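# Per-entry structural report
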Amino acid sequence: MTTLSKRLCLTALLALSSFAFAASASAETSKLVIESGDSAQSRQNAAMDKEQWNDTRNLRQKVNKRAEKEWDKEDVAFDARDKCQQSANVNAYWEPNTLRCLDRRTGRTVAP
């Protein structure tokens, strides 16, 4: 009978120790860790965001330069058309497809 009581006592002790261990393990997982936000992942995300911003900025600048270049070309053509139409040369005419002032007789470019 003493061996049975020893076994029961050991079993109870083992059960209590496992319960205490489980309670401490669950307490470990409920801790809240507050970081400053300055981690390797956040720095990498910031670097990637900056790189993407710079790329899109470069693309926007290219588009704007191209639009400005096209506008300048149209502005120069508009001025050239006015000069061609106001020219004293009666054989000069404005060619809208090539945006040039041409001579009616030769087809060559005329300086108005």
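Residues numbered from 1 in each chain as written. Predicted model: local features only at pLDDT ≥ 70, side-chain atom pairs only at ≥ 80, totals over all residues. Heavy atoms only, no water.

Once that is clear, we can look at the overall build of the chain. Assigned secondary structure in the chain consists of two helices and two strands. The secondary structure elements of the chain, listed N-terminal to C-terminal, are α-α-β-β. In the chain, buried positions account for 9% of the 112 residues. Put simply, 8% of the contacts in the chain that link residues at least 6 apart link residues at least 24 apart. Carbon and sulfur atoms make up 58% of the accessible area of the chain, which totals about 10100 Å². (Helix = DSSP H or I, 4+ residues; strand = E, 2+ residues; numbered from the N terminus. Buried < 20%, exposed > 50% of the residue type's maximum accessible area, 1.4 Å probe, protein only. Contact = heavy atoms within 4.5 Å. Areas by Shrake-Rupley, 256 points an atom, 1.4 Å probe, with all protein chains shown as cover.)

Formed by Ala 77, Cys 84, Ala 92, Trp 94, Cys 101 and Val 110, the largest nonpolar core amounts to six residues. Looking at this core, the elements that each hand over two or more residues are helix H2 (40–85) and strand E1 (92–95). Other than its neighbours up to four places away in sequence, Ala 77 contacts Trp 94 and Leu 99. (Core = buried A, V, L, I, M, F, W, Y, C linked by side-chain atoms within 4.5 Å.)

Bridge count between E1 and strand E2 (residues 100–103): four bridges; the pairing is antiparallel. Directly across from Trp 94, in E2, lies its bridge partner Cys 101. Hairpin connection between E1 and E2: a loop of four residues separates the two successive antiparallel strands, and Leu 99 in this loop has a positive phi of roughly 60°. (Pairing = 2+ DSSP bridges.)

So, about the state of the cysteines. A covalent bond between the sulfur atoms of two cysteines is referred to as a disulfide. Under the counting rule described, the total for this entry stands at one disulfide. One disulfide in the model links Cys 84 with Cys 101; its S-S distance is 2.0 Å. Across the S-S bond linking Cys 84 and Cys 101, the dihedral sits near 70°, which makes this disulfide right-handed. A residue pair is termed long-range when its members are at least 10 positions apart, and Cys 84 in helix H2 and Cys 101 in strand E2 qualify at 17 residues. Like Cys 84, the residue Cys 101 is buried in the burial classification. (Disulfide = S-S within 2.5 Å.)

This paragraph deals with a negative patch on the surface. Together, Glu 68, Asp 72, Glu 74, Asp 75 and Asp 79 give the surface a local cluster of negative charge. Relative to the helices and strands, Asp 79 resides in helix H2. (Patch = residues over 30% accessible without salt bridge, like charges linked within 9 Å, V, L, I, M, F, W, Y side chains within 5 Å. Salt bridge = Lys/Arg side-chain N within 4 Å of Asp/Glu carboxyl O. Lys, Arg positive; Asp, Glu negative; His and termini not counted. Charge placed at Lys NZ, Arg CZ, Asp CG, Glu CD.)

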